[in-house]
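Okay, here's what each chain looks like letter by letter:
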Amino acid sequence: MSKVTKKRFLYVLGVLALIAFAMWLRYASRHIFHSPAVNHLRSGIYVFLFSAWCYSIWMRIVQTQVRRYLLAISVLMVLWILLRSIKFSIDNMDAGRWLWYFYYFPMLLIPMLSVFVSLSLGKGEDFQLPRWTKLLYFPTLLLLLLVLTNDLHQQVFSFPSGVLSDQEYRYEGGYFFVLGWVALCAGFALLSMVKNCRIPRSRRIRWLPLVPLALSLVYACMYIKKVYWVWVLAGDMTVSQCLIFASIFECCIQCGLIQSNLGYDELFEATSLPVQITDPAFCPQYASVSMQEALPQSELQQIRQDTVHLSDDTLLKRHKLRRGWVFWKEDVSALNQVQKELELTRDELRDTGDVLAAEKAQHARWLKLTEENRLYDMMEAQTARQIAMLRDLLAELQKTEDPDRARHLLGQVIIIGTYIKRRSNLIFVGEQRGAISVQELRLCLNESSENISIYGADCKTVIKGEGRLTVGQATQVYDLFEAVVEAELESLRALLISIEVGKWVEIALCVSGAEPLCGLRTRFPDLEWEQDEDGLQYVTRKLERSRGV
């Protein structure tokens, strides 16, 4: 038997001895001493027992809500004993009657508070009662008011003799309402306790709280049958009811239905955590087996933080209790090992990140080159005809020895080279922006027109409108212009190009040259061509402007 178990056993024996002594005093007051002092001593014993139980409730119970209700119940028990003792110690009839009425203050409230406690059995520390339970206050207080105002209506107790005294009275309908409400609350509380005595997901039952309940039923039967020795030793119904309720709640505490701070020794023997509990002055009270040696009071008093490093792999932590401190050691070697592994992983990831960054940069460079090659291939495919012409012109330029012919060929090279440059620029701009601005097209035509003028032919460009064109529309306009120039390259004397950008892109070219341009219809099917009597050729074309551009 452990030290704590022996201590509890001695407490139980002491309480039973005091109760037995009080019962003997009840017998002695009737058959031996016949002195009021004996009754006062008996009442004092019960007041002491319930007061000590009240203090132990305040010390032991963890759940705040249950502690509050149990403290209220224990205080009401002490009040009930005091009211009963005072009532039988005075000779004033009116005062005795009022004290009798006030019996019902603890008689009504104790069962109601017992319901609150029974609903909290087995719940956590933060459990809160449902809001509907507050409705129980209404009938309880209403019935209490009915009893306290009995002198006005006599619906609880009536006095046939006309003398308002508890010596001669009769129960009325209000009394049975009070008795029924008390029985209902007590019955509900007891049934709830019996229900909670069953261990969840098991057939096992916590028998300890049922023992005083069974004894109370046996006592009630003997009391009703008026068994002589029961009336002599335990005929005080006030004390008996208080003892029954207190014993039931105490059994709930002992078996764990009501959370308390008991069982530290068993816990400390079973736990592998080095833990120690001290009083407010840091004197050791409990220490687990794994703590080996209790931490000295002098060292604990010097701690100013809730976490202290005892070594690289051990932390000492503390937490404030209601009346003392709890200290425990925490092994962080596993955490340190994990931290080291994480640091190694971080270094590896950093190296891997550098490799990935280099691979990403290389991949980006490859994508850039691929895109550039694609654009160059597109540019070369779309200007292949002009590149071939430029190659032929340069070959002829190298062979010719005539300065005028060389100057003429050089002008053609500039015109074709300008087209290739500007046409490629339209490709790049279109890929980047998705569309070509009218201003960009104007710059292309203006530069080509300037080079044609330098070549020796009059050339003028007029573009009206602003906005954006699709890449296809812009290139078709520029390709038509270049096709006309290339067709008349040897005989071109004058060229006027007019473009109007609106709902439609309208292109009109007026050309003075020797070569007929009607053959361009094969490349541009919607092209319109005509020639006047002066030999001027007119080329027109209309392109529908795409929406959203």
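If you're wondering where the values come from, they're calculated on a predicted model, not measured in any experiment.

**Considering the overall build of the chain**
Along the backbone of the chain there are 18 helices and 14 strands. Sorting the 549 residues of the chain into buried and exposed places 39% on the buried side. Once local pairs closer than 6 in sequence are excluded, the contacts in the chain between residues at least 24 apart make up 60%. Of the roughly 32000 Å² that the chain leaves accessible, carbon and sulfur atoms contribute 60%.

**Focus on the nonpolar core**
Counting residues in each nonpolar core, the largest one holds 66 residues, and the members touching the most others are Leu70, Met77, Tyr104 and Ile258. Only helix 1 (3-31), helix 2 (36-60), helix 3 (64-87), helix 4 (93-102), helix 5 (104-119), helix 6 (137-148), helix 8 (173-196) and helix 11 (237-254) provide two or more residues apiece to this core. With eleven residues, helix 3 is the single largest residue contributor to this core. Other than its neighbours up to four places away in sequence, Ile258 contacts Ile61, Val66, Leu70, Val117, Leu121, Phe249, Cys252 and Ile253. In terms of nonpolar packing, the next biggest core, distinct from the first, is built from 45 residues, Ile416, Tyr455, Leu492 and Ile497 among them.

**A closer look at the pairing of strand 7 (residues 324-331)**
Sheet topology places strand 3 (residues 275-278) next to strand 7; four bridges connect them, and they run antiparallel. Within strand 7, the position partnered with Val275 by the bridge is Trp328. Where strand 6 (residues 314-321) lies against strand 7, eight bridges are found, and the strand directions are antiparallel. The residue of strand 7 that forms the bridge with His319 is Val326.

**A few points about unusual backbone geometry**
One non-glycine residue, Gln154, lies in the positive phi region at around 55 degrees. Mapped onto the secondary structure, Gln154 falls in the loop between helix 7 (150-153) and strand 1 (157-158).

**Brief notes about the pattern of salt bridges**
Throughout the structure, instances matching the rule amount to 16 salt bridges. For Glu172, the salt bridge is made with Arg170, and the minimal N-O distance between the two is 3.6 Å. Under the relative-accessibility criterion, Glu172 is labelled partly exposed at 22%. With its nearest N and O atoms 2.9 Å apart, the salt bridge here joins Arg423 to Asp479. Highlighted residues: Arg423 in helix 16 (residues 403-433) and Asp479 in helix 18 (residues 471-487), separated in sequence by 56 residues. According to the relative accessible area criterion, Asp479 is buried, its value standing at 18%. One salt-bridge network, in which partners are shared between bridges, spans Lys421, Arg422, Glu440 and Glu447.

**Remarks on the environment of Glu544**
Note that Glu544 resides in strand 14 (residues 537-544). Of the residues examined, Glu544 reaches a relative accessible area of 57% and is grouped as exposed. Expressed as a C-alpha distance, the spacing of Glu544 and Lys503, which sit 41 residues apart in the sequence, is 7.0 Å. Leaving out residues up to four positions away in the same chain, Glu544 has contacts with Gln473, Lys503 and Trp504.

**Here's the deal with the packing of helix 16 against helix 17 (residues 438-455)**
Between helix 16 and helix 17, the least distance of the axes is 9 Å, while the angle of their chain directions is 175 degrees. Here helix 16 is positioned roughly antiparallel relative to helix 17, judged by the angle of their axes. Between helix 16, through His408, Gly411, Gln412, Ile414, Ile415, Thr418, Lys421, Arg422, Asn425, Leu426 and Val429, and helix 17, the contact on the second element is made entirely by Glu440, Leu443, Cys444, Glu447, Ser448, Asn451, Ile452 and Tyr455. Per-class residue counts for the contact of helix 16 with helix 17 are eight nonpolar, seven polar and four charged.

**Looking at the sheet that holds strand 9 (residues 458-464)**
The five strands are arranged 9-11-12-14-13 in an open sheet whose pairing can be described as mixed. Where the open sheet ends on each side, the last strands, each with one partner, are strand 9 and strand 13 (528-531). Across the sheet, the mean angle from the axis of one strand to that of its neighbour is 10 degrees, orientation sign disregarded. Note: strand 12 (residues 504-512) against strand 14, eight bridges, orientation antiparallel. Among the inter-strand pairings, Ile507 is bridged to a residue of strand 14, identified as Arg541. Seen against the sheet, helix 17 touches strand 9 and strand 11 (494-501) and runs at an angle of roughly 170 degrees to strand 9.

**Brief notes about the pairing of strand 12**
For a regular strand, side chains alternate in direction, first toward one face of the sheet and then toward the other. Pairing geometry for strand 11 and strand 12, over eight bridges, is antiparallel. Its bridge partner being in strand 12, Ser498 is matched across the sheet by Ala508. Between strand 11 and strand 12, which pair antiparallel one after the other, the connecting turn spans two residues.

**Digging into the packing of helix 6 against helix 8**
Closest axis-to-axis distance for the helix 6/helix 8 pair is 10 Å, and the angle between their directions is 145 degrees. Considering how the two elements wind past one another, helix 6 and helix 8 form a crossing that is left-handed. Of the residues in helix 8, those in contact with Pro139, Thr140, Leu143, Leu146 and Val147 of helix 6 are Gly174, Phe177, Val178 and Trp181.

**Some points on the packing of aromatic side chains**
Summed over the entire model, instances satisfying the criterion amount to 18 aromatic pairs. With a centroid separation of 4.0 Å and 25 degrees between ring planes, the pair formed by Tyr171 and Tyr175 is classed as stacked. When its relative accessible area of 38% is taken as the criterion, Tyr171 is described as partly exposed. Assessed through its relative accessible area of 14%, Tyr175 is described here as buried. Consider the rings of Tyr478 and Phe481, whose centres lie 6.2 Å apart with planes at 5 degrees: the pair is stacked. Residue Tyr478 and its partner Phe481 are both found in helix 18; the two are separated by three residues, about one turn of the helix. Residue Phe481 is classed as buried on the basis of its relative accessible area, which comes to 1%.

**Thoughts on the confidence of the model for the chain**
Summary statistics for the chain give a mean pLDDT of 80 and a share of 87% for residues scoring 70 or more. Helix 12 (residues 264-270) is the least confidently modelled element of the chain, averaging 62 in pLDDT, while helix 6 averages 92, the highest of any element.

**Some remarks on the side chain of Arg422**
Tracing the backbone through its elements, the reader meets Arg422 in helix 16. For Arg422, a relative accessible area of 16% puts it in the buried group. Ignoring sequence-local partners within four residues, the contact set of Arg422 consists of Glu440, Leu443, Cys444, Glu447 and Tyr478.

Conventions we followed
Residues numbered from 1 in each chain as written. Predicted model: local features only at pLDDT ≥ 70, side-chain atom pairs only at ≥ 80, totals over all residues. Heavy atoms only, no water. Helix = DSSP H or I, 4+ residues; strand = E, 2+ residues; numbered from the N terminus. Buried < 20%, exposed > 50% of the residue type's maximum accessible area, 1.4 Å probe, protein only. Contact = heavy atoms within 4.5 Å. Areas by Shrake-Rupley, 256 points an atom, 1.4 Å probe, with all protein chains shown as cover. Core = buried A, V, L, I, M, F, W, Y, C linked by side-chain atoms within 4.5 Å. Pairing = 2+ DSSP bridges. Salt bridge = Lys/Arg side-chain N within 4 Å of Asp/Glu carboxyl O. Axes fitted to C-alpha atoms, helices over the stretch in contact; angles between N-to-C directions. Parallel < 35°, antiparallel > 145°, perpendicular 65-115°, else oblique. Nonpolar A, V, L, I, M, F, W, Y, C, P; charged D, E, K, R; others polar. Left-handed = near helix turned anticlockwise from the far one by under 90°. Phe/Tyr/Trp six-rings, centres within 6.5 Å; stacked < 30°, edge-to-face > 60°. pLDDT = per-residue confidence, 0-100.

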